[in-house]
Amino acid sequence: MIEKIYCAQVKPEMEGKRVRLAGWVYRKREIKDKVFIVLRDSSGIIQTVFKEEISKEAYETAKKTGIESSVIIEGTVKQDKRAPGGVEIQADKIEVIQNVEFFPITKDASPEFLLDVRHLHLRSPKVAAIMKVKATMIQAAREWLLQDGWYEVFPPILVTGAVEGGATLFKLKYFDKTAYLSQSAQLYLEAAIFGLEKVWSLTPSFRAEKSRTRRHLTEFWHLELEAAWMDLWDIMKVEEELVSYMVQRTLELRRKEIEMYRKDFTTLKNTEPPFPRISYDEAIDILQSKGVNIEWGEDMGADEERVLTEEFDRPFFVYGYPKHIKAFYMKEDPSDPRKVLAADMLAPEGYGEIIGGSEREDDYDKLVQRILEEGMDPKDYEWYLDLRKYGSVPHSGFGLGVERVVAWILNLDHVRWATLFPRTPTRLYP
Ligand SMILES: NC(=O)C[C@H]([NH3+])C(=O)NS(=O)(=O)OC[C@H]1O[C@@H](n2cnc3c(N)ncnc32)[C@H](O)[C@@H]1O
Ligand SMILES: [Mg+2]
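Residues numbered from 1 in each chain as written. Chains lettered and ligands numbered in written order. Predicted model: local features only at pLDDT ≥ 70, side-chain atom pairs only at ≥ 80, totals over all residues. Heavy atoms only, no water.

Looking at an unreviewed UniProt entry, the chain carries the name Asparagine--tRNA ligase, with the source organism given as Thermococcus barophilus. Recorded under Sequence similarities (unreviewed entry), the UniProt text for the chain is reproduced unchanged: "Belongs to the class-II aminoacyl-tRNA synthetase family." (UniProt positions renumbered as here; feature names shortened; annotations may be inferred.)

A. Quick look at the sheet that holds strand β9 (residues 177-181). Strand order in the open sheet formed by three strands is β7-β9-β8, and the pairing between neighbours is antiparallel. Unpaired on one side and paired on the other, β7 (158-159) and β8 (171-174) mark the two borders of the sheet. Across two bridges, the pairing between β7 and β9 is antiparallel. Of the residues in β9, the one forming a bridge with Leu158 is Leu181. (Pairing = 2+ DSSP bridges. Helix = DSSP H or I, 4+ residues; strand = E, 2+ residues; numbered from the N terminus.)

B. Highlighting a nonpolar patch on the surface. Taken together, Met1, Ile2 and Tyr6 make up a surface patch of nonpolar side chains, about 360 Å² in accessible area. Tracing the sequence through the fold places Met1 in the segment before β1 (18-31). (Patch = residues over 30% accessible without salt bridge, like charges linked within 9 Å, V, L, I, M, F, W, Y side chains within 5 Å. Areas by Shrake-Rupley, 256 points an atom, 1.4 Å probe, with all protein chains shown as cover. Salt bridge = Lys/Arg side-chain N within 4 Å of Asp/Glu carboxyl O.)

C. Representation of the domain arrangement of the chain. Here the chain is partitioned into domain 1 (7-98) and domain 2 (115-417). When each unit is reduced to the centre of its C-alpha atoms, the spacing between domain 1 and domain 2 is 46 Å. At the junction of the two partners, domain 1 supplies six residues and domain 2 supplies four residues. When domain 1 packs against domain 2, the two sides together hide about 370 Å² of surface, and 45% of this comes from carbon and sulfur. Applying the counting criterion to the domain 1 and domain 2 interface returns one salt bridge. The salt bridge partner of Arg123 is Glu68, with a shortest N-O separation of 2.9 Å. Partitioned by chemical class, the residues of the side of domain 1 that touches domain 2 number two nonpolar, two polar and two charged. (Domains from an automatic or database assignment. Contact = heavy atoms within 4.5 Å. Buried area = accessible area lost by both parts, 1.4 Å probe. Nonpolar A, V, L, I, M, F, W, Y, C, P; charged D, E, K, R; others polar.)

D. Molecular detail of the site of ligand 1. Lining the immediate surroundings of ligand 1 are 22 residues, of which Glu164, Gln186, Arg207, Glu224 and Glu353 lie closest. Within the backbone of Ile355, one N or O atom sits 3.4 Å away from an oxygen atom of ligand 1. Within the backbone of Gly401, a nitrogen or oxygen atom sits 3.3 Å from an oxygen atom of ligand 1. Listed by contribution, the elements that provide at least two residues to the shell around ligand 1 are β11 (219-228), β17 (352-359) and β18 (395-401). A per-element tally of the shell around ligand 1 places β17 first, with four residues. Tallied by class, residues from the shell around ligand 1 come to seven nonpolar, seven polar and eight charged. (Near = heavy atom within 4 Å. Polar contact = N/O pair within 3.5 Å; in protein donor to acceptor, adjacent residues only side chain to side chain.)

E. The UniProt feature "domain: Aminoacyl-transfer RNA synthetases class-II family profile" (unreviewed entry) in the chain, seen in detail. Look at the UniProt record and you will see "domain: Aminoacyl-transfer RNA synthetases class-II family profile" (unreviewed entry) annotated at residues 131-422. With 35% helix and 23% strand, the stretch residues 131-422 has end C-alpha atoms that lie 13 Å from each other.

F. Just the packing of helix α9 (residues 280-289) against helix α10 (residues 302-309), in detail. Remark: α9 packs on α10, axes separated minimally by 10 Å, with the N-to-C direction vectors making an angle of 85°. It follows from the interaxial angle that α9 and α10 lie roughly perpendicular. The residues of α10 that touch α9, namely those facing Ala283, Ile286 and Leu287, are Glu304, Val307 and Leu308. Residue composition of the contact of α9 with α10, by class: five nonpolar, no polar and one charged. (Axes fitted to C-alpha atoms, helices over the stretch in contact; angles between N-to-C directions. Parallel < 35°, antiparallel > 145°, perpendicular 65-115°, else oblique.)

Printed below as a string of structure tokens:
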């Protein structure tokens with residue numbers, strides 16, 4: 001790697017020091033006998049100034065260098081209150097690695113165009129900031145999971161059955177058989193708990209959803225946990241502790257990047273356990289009292305959840321959903337057979353569901369009955385049913401939508417901005 005320092009490492013107190021930087025031309029302007037190039041690298045930006053009397057050759061080259069050209073610049077650090085960060089480089093040397101005559105992204109580019117050239121847009125500091133926040137959030141999750149004794153496992157992506165309903169499976173030919181892209185690692189994590197007890201995985205999950213909402217992708221990153229011996233209330237405590245740590249740690253390490261997207265940090269700062277908990281029944285009452293046309297037994301969609309989140313200034317749980325709107329694997333509530341022991345975590349500010357979780361049905365016969373009720377074939381779940389034959393235990397788990405949490409933390413208007421190359425029903429390229 002070439003000898004250089006990062007833009008963010010240049011400080012006013014380095015006045016007079018000679019430095020070498022490498023990056024891309026982010027902005028450029030010519031004023032009288034000077035050329036100002038704002039250089040960008042992964043750490044940020046720095047202003048460099050080229051003057052004819054310092055180096056005619058460098059000045060002439062700088063004049064001809066286009067936006068997003070890759071360059072190596074050398075010069076002397078100079079304090080200057082007018083420059084971003086109060087410091088600039090008095091440049092005397094520029095090596096153009098590749099000059100760019102015309103860079104296709106302009107200030108007035110539409111969101112769809114920016115997605116068409118996503119491979120070029122990733123370099124923008126604001127987009128890079130999203131990826132830094134996402135990386136830090138997952139780093140924080142790993143930190144918490146390690147200290148709380150959870151084992152990372154690596155489940156398959158090529159699978160043979162649905163977890164969250166057959167309607168959203170992506171089907172593919174697997175030699176002479178049929179396979180599907182995983183909707184959720186859950187069933188495999190449930191197998192892993194008999195050896196490791198507390199397991200987690202971070203995998204891509206795939207949903208052939210036709211929903212064109214601001215919170216659905218066809219491929220998203222899914223952080224899933226599964227634990228033996230835990231009931232719904234235990235796993236909800238795990239959820240709120242994990243999410244609180246992820247949010248607070250990301251606030252601590254990525255404040256600068258978050259400030260590029262939001263000014264009000266209230267809901268993030270409020271993200272500390274315990275989170276408020278309301279029942280599905282209470283949620284329906286709240287929605288009806290706010291004039292939402294919804295009856296008990298109906299599912300809450302993005303619009304209903306948006307209204308519900310107006311009541312809270314931090315993430316909160318909704319628990320005790322009706323059985324018929326939830327997945328086959330969820331354990332029936334012994335105190336009310338109409339319901340299951342499931343809980344969603346909703347993010348405030350209109351973002352809604354970020355986590356889906358539940359206690360799992362651990363009784364063999366009841367699980368077979370639920371599979372049949374859902375119109376599925378128990379033969380397709382033979383291995384999964386075996387887990388209820390050989391030392392079955394109470395167990396619970398959940399799945400966190402990584403892009404949805406990033407979208408909430410950064411107040412993004414669509415989850416597609418929270419992933420490197422978004423996949424939606426209308427976008428598979430680039
Ligand atoms: N291990 C588990 O218990 C997970 C469980 N089998 C599951 O997949 N639940 S979920 O369908 O609610 O999805 C979990 C979360 O996954 C996110 N999710 C779910 N579907 C999507 C789509 N289409 N796009 C983006 N994010 C999505 C969202 O935050 C959900 O709350
Ligand atoms: Mg869900």
